[in-house]
Amino acid sequence: MKIGFIGAGNMGRAIANGLVAKGVCKADALQCISASGKGSAIMAEQTGARIAASKKELIEQSDVVVLAFKPQHLETITDEEAKAATGKLVVSVLAGRTLASMKAVFPEASNLVRVMPNTPSQIGKGVSTYCFEQTPSDSQQAEVNELLASLGTAYEVAEDQLHVATVINGCGPAFYFRIGQLISEAADARGLDKDLALKLAAETGIGSLELMKASKRDPKDLIDEVVSPNGVTHALLTSLDRQGFPKIIDQSMQDAVDRSIELSQSK
Ligand SMILES: NC(=O)C1=CN([C@@H]2O[C@H](COP(=O)(O)OP(=O)(O)OC[C@H]3O[C@@H](n4cnc5c(N)ncnc54)[C@H](O)[C@@H]3O)[C@@H](O)[C@H]2O)C=CC1
Ligand SMILES: O=C(O)[C@@H]1CCC=N1
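The structure presented is a predicted model; accordingly, all values stated were derived computationally and were not measured.

(A) Geometry of the UniProt feature "domain: Pyrroline-5-carboxylate reductase dimerisation" (unreviewed entry) in the chain. Here the UniProt-annotated "domain: Pyrroline-5-carboxylate reductase dimerisation" (unreviewed entry) positions come out as residues 159–263. When the span residues 159–263 is considered, its composition is 83% helix and 0% strand, and the gap between its end C-alpha atoms is 14 Å.

(B) Structural view of the site of ligand 1. Surveying the vicinity of ligand 1 reveals 22 residues, the closest of which are Ala 8, Asn 10, Met 11, Ala 35 and Phe 69. Measuring from an oxygen atom of ligand 1, one finds a backbone N or O atom of Ala 8 at 2.9 Å. In the model, a nitrogen atom of ligand 1 is placed 3.4 Å from a nitrogen or oxygen of the Thr 76 side chain. In isolation ligand 1 exposes 830 Å². Once the protein is present, 81% of that is buried. Its residues assigned to classes, the shell around ligand 1 comprises 12 nonpolar, 8 polar and 2 charged.

(C) Layout of the packing of helix α7 (residues 162–170) against helix α12 (residues 245–265). The interhelical angle for the contact between α7 and α12, taken along N-to-C directions, is 125°, at an axis separation of 9 Å. Taken together, the axis directions place α7 and α12 in an arrangement best described as oblique. Seen from above, α7 lies across α12 with right-handed handedness. Between α7 and α12, the contacting residues are His 163, Val 164, Val 167 and Ile 168 on the first element and Met 253, Ala 256, Val 257, Ser 260, Ile 261 and Ser 264 on the second. By residue class, the composition of the contact of α7 with α12 is 7 nonpolar, 3 polar and no charged.

(D) Spotlight on the side chain of Ser 101. Tracing the chain through its elements places Ser 101 in helix α5 (residues 99–105). Classification of Ser 101 by relative accessible area gives buried; the value is 12%. There is a polar contact of 2.8 Å between the side chain of Ser 101 and the backbone oxygen of Thr 98.

(E) Just unusual backbone geometry, in detail. The backbone of Lys 216 shows a phi angle near 55°, a positive value even though the residue is not glycine. As for its placement among the helices and strands, Lys 216 is situated in the loop between α9 (194–215) and α10 (219–226). By relative accessible area, Lys 216 is classed as exposed at 74%.

(F) Looking closely at α12. An ideal rise of 1.5 Å per residue puts 30 Å on 21 residues; α12 measures up with 30 Å between its terminal C-alpha atoms. Taken together, the buried positions of α12 are occupied by Val 257, Ser 260, Leu 263 and Ser 264. One side of α12 holds all its buried residues, which, seen down the axis, span an arc of 115°. The exposed residues of α12 that point more than 90 degrees off its buried face are Lys 247 and Gln 265. On its buried face, α12 is in contact with α7.

The rules behind these values
- Residues numbered from 1 in each chain as written.
- Chains lettered and ligands numbered in written order.
- Predicted model: local features only at pLDDT ≥ 70, side-chain atom pairs only at ≥ 80, totals over all residues.
- Heavy atoms only, no water.
- UniProt positions renumbered as here; feature names shortened; annotations may be inferred.
- Helix = DSSP H or I, 4+ residues; strand = E, 2+ residues; numbered from the N terminus.
- Near = heavy atom within 4 Å.
- Polar contact = N/O pair within 3.5 Å; in protein donor to acceptor, adjacent residues only side chain to side chain.
- Areas by Shrake-Rupley, 256 points an atom, 1.4 Å probe, with all protein chains shown as cover.
- Nonpolar A, V, L, I, M, F, W, Y, C, P; charged D, E, K, R; others polar.
- Axes fitted to C-alpha atoms, helices over the stretch in contact; angles between N-to-C directions.
- Parallel < 35°, antiparallel > 145°, perpendicular 65-115°, else oblique.
- Left-handed = near helix turned anticlockwise from the far one by under 90°.
- Contact = heavy atoms within 4.5 Å.
- Buried < 20%, exposed > 50% of the residue type's maximum accessible area, 1.4 Å probe, protein only.
- Expected span 1.5 Å × (residues − 1).
- Arc of directions from axis to C-beta.

Written out as structure tokens, the structure is:
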């Protein structure tokens, strides 16, 4: 499978690295192009991908075209470039950009896939959500399965669910990193070494979330196992609730969903 990346920033490189690491794509089957040439130079160095001379050439020489630039730039694809995608599978990771807006730009593509991946794909621990524009052929489904499996796990969702899914799995890593950052800063301020605090936070996070996933138990039951009556966890959770933590989570998710909807309506 020959894959071409238009855009070679954080996400494009995370995917390309995953593909090469899992052997889905040999380096000589990968191409990339970026706006300034900086991202594509890094991707080329990391993966062995070839840097294409133009987007048109990249599209012509790829079986699958991955759009990995900023959502606002979808309409910078020219008619000539779009024509080169006739009969090809076009995969977009552009947050908020709908299948309809992709179809308007790439009317002759064989099929379109909208994917929301995340940065842990860099280490094969990503999770992606995705939807097809048309019911995929067996080979299209197989190609997308193979591509996404190289990044981690993947779940198909209806397109109208992608706004919420984006916040959970696309933005989610930043949420957990922010928690780690705040915990380590608070620990440091109270005399615990910052690096040790970050390790403790990361390993506790990994262990707790693995337990939640493996046990399939209601998070409330898992919380109850930790809380001792009037103990330390009780103090922590009561303080969080008193300060409006549930409302903060709910409102911040709404604000992010609203931004995703806004992006889907923008040109
Ligand atoms: N960073 C993340 O965690 C995630 C990002 N995404 C999506 O991935 C896309 C890329 O995001 P990042 O990699 O974080 O951004 P980035 O800023 O790191 O990379 C963007 C890349 O696109 C290139 N580019 C800019 N304008 C271009 C144009 N007109 N034609 C071709 N290439 C162009 C840039 O040179 C750069 O290589 C965005 O649409 C974002 O919504 C989706 C899921 C997660
Ligand atoms: O911040 C963004 O818009 C993208 C989508 C999910 C992660 N990064």
